[in-house]
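This is what each chain is made of:
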Amino acid sequence: MTVTYTAEVATCRGFGCFLKLLFRWRGSIYKLVWLDLVCFLFIYYFLNIMYRAVLDESQKRIFEGVVKYCAAYSNLIPLSFVLGFYVSIVMTRWWQQYSSIPWPDSLGVYVSANVHGQDDRGRLMRRTIMRYVCLCLTMVLTNISPRVKKRFPTLQHLYQAGLLAENEKIVMETFNSKFKSYSKHWMPIVWAASIITRARKEGRIRDDFAVKTLIDELNKFRGQAGLLIAFDTISVPLVYTQVVTLAVYSYFVTAVVGQQWVENKTIEEGFLNMIDMYFPIFTLLQFFFYMGWLKVAESLINPFGEDDDDFEVNWMVDRNLQVAYMIVDEMHNDHPELIKDQYWDEIFPNELPYTTETMAFKESHPMPSTANIPAALNARQGGKFDEMGDDAASGIHFTAGRNRGSRHGSSASVSSMAVPNSMTRTNTVASALKRFFSTDSSKSAPIPSPDIRLTGSASSASISNQYPSRYPAGSMKITDQTIEEVDEQLTITSMRANEPRPTAQSIFMPPPSQPVDVPTTTYMARNYNRMHSTVEPPTSNSFIFPMNNADMEYFVSASAPTPTIECPDTQNSPNDDGFDFNINFREIEQTEPQTLDEDDDFEKLRLAREKERLERQKQKLARSISTQPNQNP
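Since the model is a prediction, treat every value here as computed from it, not as a measurement. (Residues numbered from 1 in each chain as written. Predicted model: local features only at pLDDT ≥ 70, side-chain atom pairs only at ≥ 80, totals over all residues. Heavy atoms only, no water.)

(A) Geometry of the overall build of the chain. What the chain contains, in helices and strands, is 20 helices and 2 strands. The buried share among the 633 residues of the chain stands at 31%. Restricting the contact set of the chain to residue pairs at least 6 apart, pairs at least 24 apart contribute 72%. Put simply, the chain shows about 42,600 Å² of open surface, and 59% of that area lies on carbon and sulfur atoms. (Helix = DSSP H or I, 4+ residues; strand = E, 2+ residues; numbered from the N terminus. Buried < 20%, exposed > 50% of the residue type's maximum accessible area, 1.4 Å probe, protein only. Contact = heavy atoms within 4.5 Å. Areas by Shrake-Rupley, 256 points an atom, 1.4 Å probe, with all protein chains shown as cover.)

What follows is the structure, given as structure tokens:
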């Protein structure tokens, strides 16, 4: 059980609050080092008595030489460095092990919120998932903690405790008989994941995202449980522990001899020699500090043991199961009645009340460190100052305000006269992309929707001058609009004249490729002549879709490589709802194909594939036309 003293050191007064902690026994340094201290003092006084009462003069001279030798060379042992670094590693590892302990609270909240159903089956699924999670952690603790192992030594004890069902115990015993070398703590997590999958199939989990959330939380729980196994398996390297232990004990073996009282010492050491004649005070303090440091490392290197400062693992087992069942069962889909809070009409309280005893602890709002420093006022009181003074030489000045000129002025300069008003930003990147990728606008209409308007900025003025006749004033195609934010950045980084303004089309749509001359072969020329041959009137194989005004003719021929499409200009069509067109299939006059060489198999194969491709195009086009709605039945 961890020894806590936080409440006793909450307030420090007088000589300090740690002095009263020195008289504790449980979890104290006295409890850790008292046995080692008794052994040290026994050896010390045994040698002291031997020196005074047993040894003769010659033997005393030899003993004094050994004492001087040990006192002179005992400081060569780097005890402080080795021991301090080792304790630092152990303390860091101790806290990491506590942080790695998984808690089922967050998973219980997810299960209660996503696994629906007030019937017995829904309740059974939720409780079983949480029971499996608690079982996983308990099995991990039985592998790493002697306390939990003594409480649940076998699977039968887990079954008697209610963490394991009879059929589940049989399955685990079967797996343990087949695979004896590995821990089976992950099996309940696999069962819980299967229950979540079944709940999704039964409709108790409404979407796949909730399933993914639950599975991820289960995997996180399993990962932390596996990390505890790793901490137990992979300890601090044994060589380092041996080095520290040898350094501490060898230091005090030399100290028990080197700090002995002897008669023949120098005159300067005479007074000090008389102090240590009966009791080694500073040697005792050294023993407390260094040996106590080593005992701390020994106590914390395995915090799942039975020391005073180890973790309360048995309490964790009971607490986790109780809290998990309470979250997914007792509190499932239940909350207190919704009522107006005390500060409903005030929106928020100015200050929460204090009791009479706590009025002395009333605290004021914390102030920043520069709150009491007076600010130097600017000499110009207009509130208008230039933050970009470095750009004065280049002629770039940015001001925020509304242009008093016409809405679509011809000036495209960046600088303008500023008035104290807010600056409206309508042509931002977000709005441009939103309109560009909008699915509500018609694909056939070239005029944008009424909400795409340009305000009286420099960008809108330049755009309206660039397209004066094609688009109405203040409106244009979204791909040709200048993006204000990108334009400002480009203006800052570049001042070249006649530089194109950035638009959505220039950024997100590549420019059209230039036409490329393709060599004409005899076969292509022959097909071109067939395409421009005399067209016969429609036959019975023609499909005619009567529309309103315009005509679009598709000429599909088995001998032509691609159909010929003639589309009239529909920009001035009176129909605002769309384009009306007629589609006619006409057979093109067949000409005798050129006589091929009987040995030219490649040419025959190529013509056969071309004919198959044209047949597929005809069928695809016919299917698409047959699905078109008839606007003029």
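(B) Looking closely at the packing of aromatic side chains. Counted by the stated rule, this structure contains 22 aromatic pairs. Ring geometry for Phe-252 versus Phe-287: centroids 4.8 Å apart, planes at 70 degrees, classification edge-to-face. Linking Phe-252 in helix 11 (residues 238-258) with Phe-287 in helix 13 (residues 281-300), this pair joins segments that are 35 residues apart in sequence. There is no split in this pair, since Phe-252 and Phe-287 are both buried. (Phe/Tyr/Trp six-rings, centres within 6.5 Å; stacked < 30°, edge-to-face > 60°.)

(C) Structural context of the nonpolar core. Of all hydrophobic cores here, the largest spans 50 residues; its most connected members are Val-111, Leu-141, Leu-158, Met-172, Ile-205 and Phe-304. Looking at this core, the elements that each hand over two or more residues are helix 4 (105-114), helix 5 (120-144), helix 7 (155-161), helix 9 (187-201), helix 10 (208-233) and helix 14 (313-330). Per-element tally for this core: the top contributor is helix 5, with 13 residues. Beyond its immediate sequence surroundings of up to four residues, Met-172 is in contact with Leu-135, Met-139, Leu-155, Leu-164, Lys-184, Met-187, Pro-188 and Trp-191. If you look at the next biggest cluster of nonpolar residues, it comprises 35 residues, including Tyr-44, Leu-83, Val-236 and Leu-300. (Core = buried A, V, L, I, M, F, W, Y, C linked by side-chain atoms within 4.5 Å.)

(D) Structural context of the pattern of salt bridges. Under the definition given, this model contains 22 salt bridges. Here Glu-166 makes a salt bridge to Lys-169, at a shortest N to O gap of 4.0 Å. Residue Glu-166 and its partner Lys-169 are located together in helix 8 (residues 166-178), separated by 3 residues, close to a single helical turn. Relative accessible area serves as the criterion here: at 36%, Glu-166 is assigned to the partly exposed category. Taking relative accessible area as the criterion, Lys-169 reaches 7% and is therefore assigned buried. (Salt bridge = Lys/Arg side-chain N within 4 Å of Asp/Glu carboxyl O.)

(E) Broad picture of the environment of Asp-56. Residue placement: Asp-56 occurs in the loop between helix 1 (29-54) and helix 2 (57-73). Using a relative accessible area of 38% as the deciding quantity, one classes Asp-56 as partly exposed.

(F) Layout of the state of the cysteines. Applying the stated criterion across every chain yields a total of 0 disulfides. We note that Cys-12 lacks a disulfide partner, and the nearest cysteine sulfur, in Cys-17, lies 4.1 Å from it. We note that Cys-136 lacks a disulfide partner, and the nearest cysteine sulfur, in Cys-134, lies 9.7 Å from it. (Disulfide = S-S within 2.5 Å.)

(G) Structural detail: the packing of helix 5 against helix 14. Where helix 5 contacts helix 14, the axes come no closer than 9 Å and their chain directions differ by 165 degrees. Overall, the two elements helix 5 and helix 14 adopt an arrangement that is roughly antiparallel. The crossing of helix 5 and helix 14 is right-handed. On the side of helix 5, the interface is formed by Arg-123, Arg-126, Arg-127, Met-130, Arg-131, Cys-134, Leu-137, Thr-138 and Leu-141, while helix 14 contributes Val-313, Val-317, Asn-320, Leu-321, Ala-324, Tyr-325, Val-328 and Asp-329. Split into classes, the residues belonging to the contact of helix 5 with helix 14 amount to 10 nonpolar, 2 polar and 5 charged. (Axes fitted to C-alpha atoms, helices over the stretch in contact; angles between N-to-C directions. Parallel < 35°, antiparallel > 145°, perpendicular 65-115°, else oblique. Left-handed = near helix turned anticlockwise from the far one by under 90°. Nonpolar A, V, L, I, M, F, W, Y, C, P; charged D, E, K, R; others polar.)

(H) Layout of helix 9. Its 15 residues give helix 9 an end-to-end C-alpha distance of 22 Å, which sits within 8% of 21 Å, the value for a rise of 1.5 Å per residue. Check the buried side of helix 9 and you find it contacts helix 5, helix 8 and helix 10. Just downstream of helix 9 lies Gly-203, where phi reads positive at about 85 degrees. (Expected span 1.5 Å × (residues − 1).)

(I) Highlighting the confidence of the model for the chain. Taken residue by residue, the chain gives an average pLDDT of 74. The fraction at 70 or more is 61%. Note on residues 440-476: pLDDT is under 50 here. Beyond four places in sequence and across chains, it has 60 contacts. Considering only residues more than four positions removed or in separate chains, one finds that residues 534-594, a stretch of pLDDT under 50, has 110 contacts. (pLDDT = per-residue confidence, 0-100.)

(J) Highlighting the side chain of Arg-126. Along the chain, the position of Arg-126 falls in helix 5. At 5.4 Å, Asp-329 is the nearest oppositely charged side chain to Arg-126, a buried residue that forms no salt bridge. Sequence-distant contacts of Arg-126, that is, excluding residues within four places in its chain, are made with Val-111, Ser-112, Val-115, His-116, Gly-117, Val-328 and His-332. (Lys, Arg positive; Asp, Glu negative; His and termini not counted.)

(K) Molecular detail of the packing of helix 2 against helix 11. As a packed pair, helix 2 and helix 11 sit with axes 8 Å apart at the nearest point and diverge in direction by 135 degrees. Here helix 2 lies oblique to helix 11, going by the angle between them. Seen from above, helix 2 lies across helix 11 with left-handed handedness. Along its contact with helix 2, which presents Val-66, Val-67, Cys-70 and Ala-71, the element helix 11 presents Thr-254, Val-257 and Gly-258. The residue inventory of the contact of helix 2 with helix 11, partitioned by class, reads 5 nonpolar, 2 polar and no charged.

(L) Summary view of helix 3 (residues 79-99). For helix 3, which comprises 21 residues, the first-to-last C-alpha distance of 30 Å matches the rise-based estimate of 30 Å (1.5 Å per residue) to within 8%. Each element contacted by the buried residues of helix 3 is listed here: helix 10, helix 11 and helix 13.

(M) How the structure looks around unusual backbone geometry. Of note, the phi angle at Asn-333 is positive, near 50 degrees, even though the residue is not glycine. On the secondary structure map, Asn-333 appears in the loop between helix 14 and helix 15 (429-436). Look at Asn-333 and you get partly exposed, because its relative accessible area is 47%. Within the chain, Ile-347 stands out as a residue other than glycine whose phi angle is a positive 70 degrees. Its location among the elements puts Ile-347 in the loop between helix 14 and helix 15. Assessed through its relative accessible area of 66%, Ile-347 is described here as exposed.

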